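Commentary on secondary and tertiary structure
This is what each chain is made of:
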Amino acid sequence: MNASRSTSLPPPSPSLRAVVVVPARDEAERVERCLQALAGQRGVAREHYELIVVLDGCRDATPEHVREFAAAHPSLRLHAVELAQSRGVGRARRHGMDLACERLLALGRAEGLIASTDADSVVAEDWLACQLELTARGAHAIGGRIELLADEAHA
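For the structure given in this document, a descriptive report is provided here. From a predicted model like this one, the values you see are computed outputs, not experimental measurements.

**Points about the pairing of strand S1 (residues 18-24)**
Each regular strand displays side chains that alternate between the two surfaces of the sheet. The buried fraction of S1 amounts to seven of the seven residues, a majority that puts the element mostly inside the structure. Relative to strand S2 (residues 49-56), S1 runs parallel, the two being bridged by seven bridges. Pairing of valine 22 across the sheet is with valine 53, part of S2. Read from S1 through helix H1 (residues 31-39) to S2, the crossover connection turns out right-handed. By the bridge criterion, four bridges tie S1 to strand S4 (residues 113-116) in an arrangement that is parallel. Each bridged residue has a counterpart across the sheet, and for valine 21 the counterpart in S4 is serine 116.

See the structure below:
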């Protein structure tokens with residue numbers, strides 16, 4: 001299992017090109033859909049990316065769901081970093097992005113991609129491949145659109 005409980009992450013793979021940061025707080029009901037979408041990315045090899053899920057002072061079973069997902073998908077490099085107290089989504093995302101930056105720079109990969117999505121989001125199957133293509137063409141920042149799922153829109 002690749003899920004880690006602290007910021008002591010294993011060394012990054014030499015083939016790492018992108019790190020996806022997912023801040024999560026009390027998303028036990030939604031986090032698996034998010035991770036499934038990230039695990040199912042097309043157009044980019046699994047060895048070229050990894051996930052850092054920043055568990056932001058969770059009070060529910062989100063950490064257990066993330067660890068179970070990691071155990072069930074051993075080829076997916078999934079790191080879970082637990083924060084004892086909530087820092088808020090912005091600070092949690094920043095913490096994960098700082099870790100992602102350190103990992104890419106450790107490989108001498110200053111051009112590596114740091115992407116982020118929320119734990120209650122389901123990204124498109126080509127989400128990461130499109131971002132890697134855009135950065136290869138010189139993009140320094142990439143924005144996106146969020147569409148609510150039908151059951152979420154009614155809530």
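**Thoughts on helix H3 (residues 89-106)**
Given a rise of 1.5 Å per residue, 18 residues ought to cover 26 Å, and the 26 Å separating the end C-alpha atoms of H3 matches this to within 8%. For H3, the set of buried residues is Ala92, His95, Gly96, Leu99, Ala100, Arg103 and Leu104. Each buried residue of H3 lies within a common arc of 165 degrees when the element is viewed along its axis, so the set occupies one face. Residues of H3 that are exposed and angled more than 90 degrees away from the buried face: Arg91, Arg94 and Glu102. Of the residues trailing H3, glycine 108 is marked for its positive phi of about 70 degrees.

The rules behind these values
- Residues numbered from 1 in each chain as written.
- Predicted model: local features only at pLDDT ≥ 70, side-chain atom pairs only at ≥ 80, totals over all residues.
- Heavy atoms only, no water.
- Buried < 20%, exposed > 50% of the residue type's maximum accessible area, 1.4 Å probe, protein only.
- Helix = DSSP H or I, 4+ residues; strand = E, 2+ residues; numbered from the N terminus.
- Pairing = 2+ DSSP bridges.
- Right-handed = clockwise from strand over helix to strand, strands pointing away.
- Expected span 1.5 Å × (residues − 1).
- Arc of directions from axis to C-beta.

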